[in-house]
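The residues making up each chain are set out below.
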Amino acid sequence: MNLIQLFDVSLRLRASQPALDWKGDTYTFGDLDARSNRLAQALAARGVRQGDRVAVYLANRIEFIDLYLAVLKLGAIFVPVNILYRERELAHILTDAEPKALIAAGDVPAAFPVWPIDTLMAEAAGMPDQRPVAAVDGDDAASLIYTSGTTGVSKGAILTHNNFAANTANILTAWQITSADRLLLGLPLFHVHGLGNGLHAWLASGLRLRLLERFEAGRIGAELLEFQPTLFFGVPTMYVRLMELEPETARQIGRTARLFVCGSAPLPAQLMQEFGERFGSVILERYGMTETLMNISNPYAGERRPGSVGLPLPGISVKILDAAGQPVAVGETGELFVKGPNVCSGYWRREEASQAAFSDGWFRTGDLGMKTADGYYTLQGRRSDLIISGGFNIYPREIEEFLLEQPEVAEAAVVGVPDRARGELPYAYLVAREGASIDPAQMEARCRAALASFKLPRAFVTVPALPRNALGKVQKHLLPR
Ligand code: MCA
Ligand code: AMP
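In this text, all values refer to a predicted model and were calculated from it rather than measured experimentally.

Draft legend 1. Molecular detail of the site of ligand 1. Around ligand 1, the structure places 23 residues, and the nearest of them are Arg241, Ser264, Arg286, Gly390 and Arg422. Residue Arg214 places a side-chain N or O atom 3.3 Å away from an oxygen atom belonging to ligand 1. Within the contact set of ligand 1, an oxygen atom lies 3.5 Å away from a side-chain nitrogen or oxygen of Ser453. Within the complex, the protein chains bury 80% of what would otherwise be the 1,000 Å² of accessible surface of ligand 1.

Here it is in structure tokens:
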């Protein structure tokens, strides 16, 4: 099956109904179907064929949605790229995915030919409103989404039509999403949270979506009051920002909202409690990964337990193993393994990494957790030293490698320091080369030019040596946080 068939309950059966509010205009599902048909024709005229990768480097905008639908209609593979990525991050993805095209709105920080979105839209306007026919199998890739997994090298998780379809069915039923809902979406569409949950829940249910270019703390209150969503998806940092709204505003928003879902990073139990008191709504926390989409969720009807990510979603099996690969007892900590129709088939053109990601058909999440006697799961950290800041993943090794390229740096270690709003912030500890000295302002400027903004270390601390164990391995836990 092609995901488009799943979306046809909206695109075709609700063609005349309002689908999307974007920048003050309202579009029907029929409008979106026609726009993406024309855009698919324009992409085909430029040579995009089934199985080709199409990389998209855009902030949230209606054309992002048009492109996603057009690429799926052609049976091509959608490769969204984080708009905050700079040259080295973008160049890596383009080299790896070998896309037929890179579509962007303006200048792009990479030496790669760009198809400007405005030009493409102008070409699309002259094309017939005719849906292309692509014979897609459910196991064919719908999207490659780049993630660093547990290793630090960014790899494209191959998400199939079936993976997304399974995830979509799960979240619609688990969170009781219907066409009566209204979703306000400020999550970036280039990650699984916004794309796999936000767009798919919308298109498969026929609800009404208001898409924001991005979540802005100063504007979100007005957006919520005006649109009156029943549904909101966010990362913990967004809920921290929502707590800054006036109590009366919060009460008003809470009166029309039916469900606030949170994920991508740990939701502090205290924030959940305070939000509940202020908005009159208990946040529903769930757990997912790029490679697996959603795995575990607190129940819609039933106890939404603070500090816990809840119960496995339908069709998903979860087991917890110790370091020796043996199942742990209830209440004991181990690594979570998952299995189900939501789990990706592997990484794009990385046979070895794909094999290493699975053990007996079970996907190793790299997340540590435990299960209670009544079946609720709690996450307790990660096997690797992944930092999650504002819901964006940061692999310390990637920043350390860049720092080590700097001529005055002999050694580098990046750690996550707790932060109330963002969860964690990256800090860099550096050892200078003999005879050299490190200027933090210069380091900051170079990192800012080379790395996505959320990866920028908030401090560059020069130390005489990094703490190491007898084997010479850096002991990050001994660095001040
Ligand atoms: C952040 N920045 C952005 C955006 N988000 N810039 C452009 N577009 C964006 N969408 C930059 C800002 O320029 C700024 O950089 C810095 O990030 C912090 O932004 P600020 O305005 O201070 O915002 P904030 O109040 O701290 O909130 C940040 C945020 C953002 C809105 C919560 O971090 C965000 O959108 N997070 C969502 C990430 C996400 O979707 N994760 C899902 C991954 P500067 O400091 O240079 O000025 S998928 C996943 O994890 C799995 C599957 C799952 O389970 O969901
Ligand atoms: P990503 O690679 O961007 O898909 O991020 C996936 C990772 O985000 C998971 O492996 C978890 O470590 C983390 N994550 C997602 N949801 C939660 C949650 N509710 N609580 C804690 N961590 C989470």
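Draft legend 2. Just the pattern of salt bridges, in detail. Per the counting criterion, the structure on display carries 33 salt bridges. With its nearest N and O atoms 2.7 Å apart, the salt bridge here joins Asp8 to Arg131. A residue pair is termed long-range when its members are at least 10 positions apart, and Asp8 in helix α1 (residues 3-11) and Arg131 in the loop between α5 (117-125) and β7 (141-147) qualify at 123 residues. Accessibility classification places Asp8 together with Arg131 in one group, the buried group. Residue Glu400 is joined to Lys476 by a salt bridge in which the shortest nitrogen-to-oxygen separation is 2.6 Å. A residue pair is termed long-range when its members are at least 10 positions apart, and Glu400 in helix α13 (residues 396-404) and Lys476 in the segment after β25 (460-462) qualify at 76 residues. Exposure class is identical for Glu400 and Lys476. Each is buried.

Draft legend 3. A look at the site of ligand 2. The environment of ligand 2 is made up of 16 residues, and the closest members are Glu285, Arg286, Thr290, Asp367 and Arg382. Contacts to ligand 2 include Thr290, whose backbone N or O atom sits 2.6 Å from an oxygen atom. Elements with a minimum of two residues in the shell around ligand 2: β13 (284-289) and β20 (377-382). Among the elements that line the shell around ligand 2, the one with the most residues is β13, at 5 residues. Broken down by class, the residue content of the shell around ligand 2 amounts to 7 nonpolar, 5 polar and 4 charged.

Draft legend 4. Inspection of the sheet that holds β25 at higher detail. Taken in spatial order, the 3 strands of this open sheet run β23-β24-β25, and their pairing is mixed. The two strands at the open ends of the sheet, each matched to only one other strand, are β23 (409-419) and β25. Taken over all neighbouring pairs, the strand axes of this sheet differ in orientation by 30° on average, direction set aside. Examined bridge by bridge, β23 and strand β24 (residues 423-432) share 10 bridges and lie antiparallel to one another.

Draft legend 5. Geometry of helix α8 (residues 217-227). Listing the buried residues of α8 in full gives Ile220, Gly221, Glu223, Leu224 and Phe227. Seen along its axis, α8 keeps its buried residues to an arc of 165°; they face one direction. Of the exposed residues in α8, those oriented more than 90 degrees away from the buried face are Gly218, Ala222 and Glu226. Looking at the packing, one finds that the buried side of α8 touches β1 (18-22), β9 (182-185), β10 (208-211), β11 (231-234), α9 (236-242) and α10 (247-256).

Draft legend 6. Quick look at helix α2 (residues 29-45). Its 17 residues give α2 an end-to-end C-alpha distance of 24 Å, which sits within 8% of 24 Å, the value for a rise of 1.5 Å per residue. Along α2, the positions that sit buried rather than exposed are Phe29, Leu32, Asp33, Ala34, Ser36, Asn37, Leu39, Ala40, Gln41, Ala42 and Leu43. Positive backbone phi, at 100°, marks Gly47, one or two positions downstream of α2.

Draft legend 7. Spotlight on empty space enclosed by the protein. Summed over all chains, the structure comprises 1 cavity of 30 Å³ or more. Taken as a whole, the largest cavity spans an internal volume of roughly 50 Å³. Surrounding the largest cavity, Pro80, Val81, Asn82, Tyr85, Ile93, Ile145, Tyr146, Phe190 and His191 form its lining. Considering only residue class, the lining of the largest cavity consists of 7 nonpolar, 2 polar and no charged.

Draft legend 8. Up close: the environment of Asn163. Structurally, Asn163 can be placed in helix α6 (residues 161-174). You can call Asn163 buried: its relative accessible area is 4%. Separated by 180 residues in the primary sequence, Asn163 and Val343 place their C-alpha atoms 6.4 Å from one another. Among residues more than four places away in sequence, those in contact with Asn163 are Ile158, Leu293, Pro341, Asn342, Val343, Cys344 and Ser345.

Draft legend 9. Looking closely at the packing of aromatic side chains. Counting across every chain of the model gives 13 aromatic pairs. Taking 6.2 Å as the distance between ring centres and 55° as the angle between the ring planes, the aromatic pair formed by Phe232 and Phe260 counts as tilted. A residue pair is termed long-range when its members are at least 10 positions apart, and Phe232 in strand β11 and Phe260 in strand β12 (residues 259-262) qualify at 28 residues. With a centroid separation of 5.4 Å and 70° between ring planes, the pair formed by Phe358 and Phe363 is classed as edge-to-face. Its relative accessible area of 1% is what places Phe363 among the buried residues. Taken together, the aromatic side chains of Phe232, Tyr239, Phe260, Phe275 and Phe279 make up a single cluster linked through ring pairs. Over the aromatic face of Trp115 sits the side chain of Arg46, whose NZ or CZ is 4.8 Å from the ring centroid. Just above the ring of Tyr376 sits the side chain of Arg305; from NZ or CZ to the centre is 3.8 Å.

Draft legend 10. Structural view of the packing of α8 against α10. Interhelical geometry of α8 versus α10 gives an angle of 40° and a closest axis separation of 9 Å. When the axis of α8 is compared with that of α10, the two are oblique. Note on packing geometry: the crossing formed by α8 with α10 is left-handed. Residues Gly221, Leu224 and Leu225 of α8 pack against Thr249, Gln252 and Ile253 of α10. Grouping the constituent residues of the contact of α8 with α10 by class yields 3 nonpolar, 3 polar and no charged.

Conventions we followed
- Residues numbered from 1 in each chain as written.
- Chains lettered and ligands numbered in written order.
- Predicted model: local features only at pLDDT ≥ 70, side-chain atom pairs only at ≥ 80, totals over all residues.
- Heavy atoms only, no water.
- Near = heavy atom within 4 Å.
- Polar contact = N/O pair within 3.5 Å; in protein donor to acceptor, adjacent residues only side chain to side chain.
- Areas by Shrake-Rupley, 256 points an atom, 1.4 Å probe, with all protein chains shown as cover.
- Salt bridge = Lys/Arg side-chain N within 4 Å of Asp/Glu carboxyl O.
- Helix = DSSP H or I, 4+ residues; strand = E, 2+ residues; numbered from the N terminus.
- Buried < 20%, exposed > 50% of the residue type's maximum accessible area, 1.4 Å probe, protein only.
- Nonpolar A, V, L, I, M, F, W, Y, C, P; charged D, E, K, R; others polar.
- Pairing = 2+ DSSP bridges.
- Axes fitted to C-alpha atoms, helices over the stretch in contact; angles between N-to-C directions.
- Arc of directions from axis to C-beta.
- Contact = heavy atoms within 4.5 Å.
- Expected span 1.5 Å × (residues − 1).
- 1 Å grid on protein atoms, 1.4 Å probe; cavity = no way out; pocket = protein on both sides within 12 Å on 5 of 7 lines; lining within 4 Å.
- Points joined across faces, edges and corners; volume = space filled by probe spheres on them.
- Phe/Tyr/Trp six-rings, centres within 6.5 Å; stacked < 30°, edge-to-face > 60°.
- Lys NZ or Arg CZ within 6 Å of the ring centre and 35° of its normal.
- Parallel < 35°, antiparallel > 145°, perpendicular 65-115°, else oblique.
- Left-handed = near helix turned anticlockwise from the far one by under 90°.

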